[in-house]
Amino acid sequence: MRIDIISVLPELMESPFTTSILKRAMDKGLVEVHFHQLRDWAINKHRQIDDEPYGGGAGMVMMVEPLDKCISELKSQREYDEVIYLTPDGITLNQKIANTLSIKNNLIFLCGHYKGIDQRVRDLHITKEISIGDYVLTGGELAACVLADSIIRLLPGVLNDEQSALTDSFQDDLLSPPIYTRPEVYKGLEVPKILLSGNFAKIEDWRHDEAVRITKEKRPDLL
Ligand code: 6GU
């Protein structure tokens, strides 16, 4: 998989991709992530990429020309499955969307800023608009990192057996059951006896029942 991320602040996205599991995925060649500084496609010497909205109003608008030039150049180099605009007015990211995107080859992420992008960028290029939740961030960069992480961890070979995505919360629409490790008793709090029984069929039943109980309690909307 290849992900191209267009942003005015690519430095904001360095550490997620140079640390831990995502770094290993990159080192193994399972994913390539390329950052593009939008200002490199600016059309004047001030490297301007935003301008005032027609019709007036507060805030600036990301200009059509730099974005169109940048995206068109990328599209001339390879076929993209999706051109995704990260914006709070997109559809809310969930596990199903991450699963769907994880089987694509080439993705473009465009990080929104200011009041948003000129509508003509959407009309020309954007195939999906994604938000990571109902709150507002200063820009799309952190959202792009969240989206990339949710996708990359699903690529074959990224997680090891222990970290397997198959036992995640949300994989089967249930939250995870409680988990414990040593010691058996801590400050009077005991590990449930069933987990020490060695009866793995019963343990699986208990885990499922606990997952249902916890989902009912915390996220009844998932059931
Ligand atoms: Cl994708 N962008 C911004 N600026 N804020 C957000 C968001 C995206 N998703 C949730 N809040």
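On a predicted model such as this, the values are computed, not experimentally measured, just so you know. (Residues numbered from 1 in each chain as written. Predicted model: local features only at pLDDT ≥ 70, side-chain atom pairs only at ≥ 80, totals over all residues. Heavy atoms only, no water.)

Before going further, it helps to examine the side chain of His-113. Following the sequence through the fold, His-113 ends up in the loop between β6 (106-111) and α5 (119-124). Polar contacts involving the side chain of His-113 include one to the side chain of Glu-141, which spans 2.8 Å. Residues in contact with His-113, not counting those within four places in the same chain, are Val-8, Leu-9, Met-62, Thr-138, Gly-139 and Glu-141. (Helix = DSSP H or I, 4+ residues; strand = E, 2+ residues; numbered from the N terminus. Polar contact = N/O pair within 3.5 Å; in protein donor to acceptor, adjacent residues only side chain to side chain. Contact = heavy atoms within 4.5 Å.)

Here the focus is the sheet that holds β6. Taken in spatial order, the five strands make up an open sheet running β2-β1-β6-β5-β7, and their pairing is parallel. For this open sheet the edge positions go to β2 (32-37) and β7 (128-131), each flanked by a neighbour on one side alone. Direction aside, the axes of adjacent strands within the sheet are offset by 30° on average. With six bridges joining them, strand β1 (residues 2-7) and β2 adopt parallel strand pairing. When the bridges of β2 are listed, Ser-7 appears paired with Gln-37. Across the sheet, helix α6 (residues 141-152) touches β1, β2, β5 (82-92), β6 and β7, and the angle it forms with β6 is around 155°. (Pairing = 2+ DSSP bridges. Axes fitted to C-alpha atoms, helices over the stretch in contact; angles between N-to-C directions.)

Here the focus is the site of the ligand. Neighbouring the ligand are 13 residues; Thr-87, Ile-132, Gly-133, Tyr-135 and Leu-137 lie closest to it. Ser-131 places a polar side-chain atom, nitrogen or oxygen, 3.3 Å from a nitrogen atom of the ligand. One of the backbone nitrogen or oxygen atoms of Leu-137 is found 3.0 Å away from a nitrogen atom of the ligand. Contact with the protein chains removes 96% of the 290 Å² of surface that the ligand exposes when unbound. Taken together, the elements giving at least two residues each to the shell around the ligand come down to β5 and β7. For the shell around the ligand, the leading source of residues is β5, giving three residues. When its residues are assigned to classes, the shell around the ligand shows eight nonpolar, five polar and no charged. (Near = heavy atom within 4 Å. Areas by Shrake-Rupley, 256 points an atom, 1.4 Å probe, with all protein chains shown as cover. Nonpolar A, V, L, I, M, F, W, Y, C, P; charged D, E, K, R; others polar.)

Residues annotated in UniProt with the feature "binding site: S-adenosyl-L-methionine" (unreviewed entry) correspond here to Gly-112, Ile-132, Gly-133, Asp-134, Tyr-135, Val-136 and Leu-137. Among the structural elements, Tyr-135 can be located in the loop between β7 and α6. Position of Val-136 relative to the elements: it lies in the loop between β7 and α6. (UniProt positions renumbered as here; feature names shortened; annotations may be inferred.)

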